[in-house]
Amino acid sequence: MSVTDTKPALDDAADAELQREFDDILGAGQRIEPRDWMPQGYRKTLIRQIAQHAHSEIIGMQPEGNWLTRAPSLRRKAILMAKVQDEAGHGLYLYSAAETLGADRGDMTVKLIEGKQKYSSIFNYPTPSYADVGVIGWLVDGAAICNQVPLCRSSYGPYARAMIRVCKEESFHQRQGFELLMTMMRGTEAQREMVQESVDRWWWPALMMFGPPDDQSPNTEQSMAWGIKRHTNDELRQRFVDMSVPQAKILGVTFPDPELAWNDERGAHDFGTPDWDEFMKVVKGDGPCNAERVSNRRAAHEDGAWVREAAAVFAQNRTEQRVSR
Ligand code: 3HC
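As named in an unreviewed UniProt entry, the protein is 1,2-phenylacetyl-CoA epoxidase subunit A, taken from Mycolicibacterium hodleri.

Take a look at the structure:
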């Protein structure tokens, strides 16, 4: 499907000219900016993806946040605090990018709480073990890096620019997780078992982060044609598997996939099939922690209402003071 196949029925030459300009910008590998004309479908797809990306960052603070008060040392607590705060910042960058498309932050938050907008399936899994903090950094943020680095070349300017800063911080997130696990793997047998148990729980959900298989992805083809996505779900999943296997060897852990093996002909690793029924169940809201994550987000939104109201009144008063001068 080319960028032009999706043109809405344009009712006059002016619109056709605008569509041509849009197609030319994409064709030249340049960026679409907020003030540029864009097809409604392009805008809608960007708001959908960027809002869900932002929601994922904010909800993603909860699983690791669960360990902030129980980190084993001041150093680990400081690192975890910095990481969780980074995720909040990533969410705010992305909500700001969505607002350049005309989306409203409050409206997106309500849609999240009401289940009308999604967030990443990965954050609906529990974190019962401290090793989860390391495995989330290593595998979940590692998967996010695989997915987000190509988004630095997304055709929509504000999204691509937000990703550049996010990716710099994401690499710190992945390294701190890997270093935490290396420390545990050099510890006691019990710590090594704790790490392996955590890897066994997170490996398959991490593969599901990249979305359904390409032949079951309704959005990929069009998003690729518009340059919003630069790779398909399966391409990025494969890249993540190939990146993770040598890292696991260095750590001394294994992945729970008997089909995982290097394929010389493909120049890549073969691996098993994620449980897509589980994926759909979690995406539909029936994962281990969906209710808890959304309920926590709703409570935070309600508890913060007075701050938003106070800020709005303050801003209104300032405006009235300026006008009355
Ligand atoms: N969790 C929840 N929903 C998912 C999903 C997942 N892991 N993967 C796909 N879906 C949803 C899609 O949103 C879509 O539903 P919708 O049409 O109602 O929005 C449906 O499943 C079909 O999937 P598609 O592959 O057709 O959808 P996309 O083309 O949007 O691809 C995506 C899905 C690859 C996640 C893409 O949206 C994307 O690249 N998003 C930006 C990156 C992102 O959101 N990452 C989430 C994690 S953020 C993170 O990890 C933070 C880090 O700091 C830890």
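What follows covers the overall build of the protein. The helix and strand tally for the protein stands at 13 helices and two strands. Taken over C-alpha atoms, the radius of gyration comes to 22 Å for the protein, in line with the 20 Å a tight globule of 325 residues would show. In terms of its C-alpha atoms, the protein occupies a principal-axis envelope of roughly 70 × 60 × 35 Å. Considering the protein as a whole, with its 325 residues, one finds that 49% of them fall into the buried category. When contacts within the protein are restricted to residue pairs at least 6 apart in sequence, those whose partners lie at least 24 apart make up 76%. Carbon together with sulfur atoms contributes 55% to the accessible area of the protein, which is approximately 16,100 Å² in total. Between the averaged position of the 39 positive side-chain charges in the protein and that of its 47 negative side-chain charges there is a distance of 7 Å.

Close to the ligand lie 32 residues, the nearest being Glu-87, Lys-118, Ser-217, Lys-229 and Asn-233. Lys-229 places a polar side-chain atom, nitrogen or oxygen, 2.7 Å from an oxygen atom of the ligand. Secondary-structure elements contributing two or more residues to the shell around the ligand are helix H2 (40-59), helix H6 (131-151), helix H7 (157-185) and helix H11 (276-283). If you tally residues by element for the shell around the ligand, the top one is H2, at six residues.

With that settled, the discussion passes to the side chain of Gln-62. Structurally, the position occupied by Gln-62 is in helix H3 (residues 61-65). What makes Gln-62 buried here is its relative accessible area of 17%. A distance of 2.8 Å separates the side chain of Gln-62 from the side chain of Asn-296, its partner in a polar contact. Every residue in contact with Gln-62, bar those within four places of it in the chain, is listed here: Glu-292, Arg-293, Asn-296 and Arg-297.

Taking 1.5 Å per residue as the helical rise, H6 with its 21 residues ought to reach 30 Å, and the 29 Å between its terminal C-alpha atoms agrees with that figure. Of all the bends in H6, the greatest measures close to 30 degrees and is centred on Gly-137. Within H6, 19 of the 21 residues are buried, leaving the element largely enclosed by the surrounding structure.

Moving on, we get to helix H1 (residues 13-27). The end-to-end C-alpha distance of H1, which contains 15 residues, comes to 20 Å, matching closely the 21 Å that a straight helix rising 1.5 Å per residue would cover. Within the span of H1, buried status applies to Gln-19, Phe-22, Asp-23 and Leu-26. Taken down its axis, H1 places every buried residue within 95 degrees of arc, on the same side. Set apart from the buried face of H1 by more than 90 degrees, the exposed residues are Ala-13 and Asp-24. In this fold, the buried residues of H1 make contact with H2 and helix H9 (220-225).

Our focus in this paragraph is the packing of H2 against H7. Across the interface, H2 lies against H7 with an axial gap of 13 Å and an inter-helix angle of 25 degrees. Taken as axis vectors, H2 and H7 run roughly parallel relative to one another. Read as a crossing pair, H2 and H7 show a hand that is left-handed. Touching Leu-46, Gln-49, Ile-50, His-53 and Glu-57 of H2 are Tyr-159, Met-163, Val-166 and Glu-170, all from H7.

Rules and cut-offs
Residues numbered from 1 in each chain as written. Predicted model: local features only at pLDDT ≥ 70, side-chain atom pairs only at ≥ 80, totals over all residues. Heavy atoms only, no water. Helix = DSSP H or I, 4+ residues; strand = E, 2+ residues; numbered from the N terminus. Rg over C-alpha atoms; globule rule 2.2 N^0.38 Å. Buried < 20%, exposed > 50% of the residue type's maximum accessible area, 1.4 Å probe, protein only. Contact = heavy atoms within 4.5 Å. Areas by Shrake-Rupley, 256 points an atom, 1.4 Å probe, with all protein chains shown as cover. Lys, Arg positive; Asp, Glu negative; His and termini not counted. Charge placed at Lys NZ, Arg CZ, Asp CG, Glu CD. Near = heavy atom within 4 Å. Polar contact = N/O pair within 3.5 Å; in protein donor to acceptor, adjacent residues only side chain to side chain. Expected span 1.5 Å × (residues − 1). Bend = angle between axes of the 7 residues up to and from the residue. Arc of directions from axis to C-beta. Axes fitted to C-alpha atoms, helices over the stretch in contact; angles between N-to-C directions. Parallel < 35°, antiparallel > 145°, perpendicular 65-115°, else oblique. Left-handed = near helix turned anticlockwise from the far one by under 90°.

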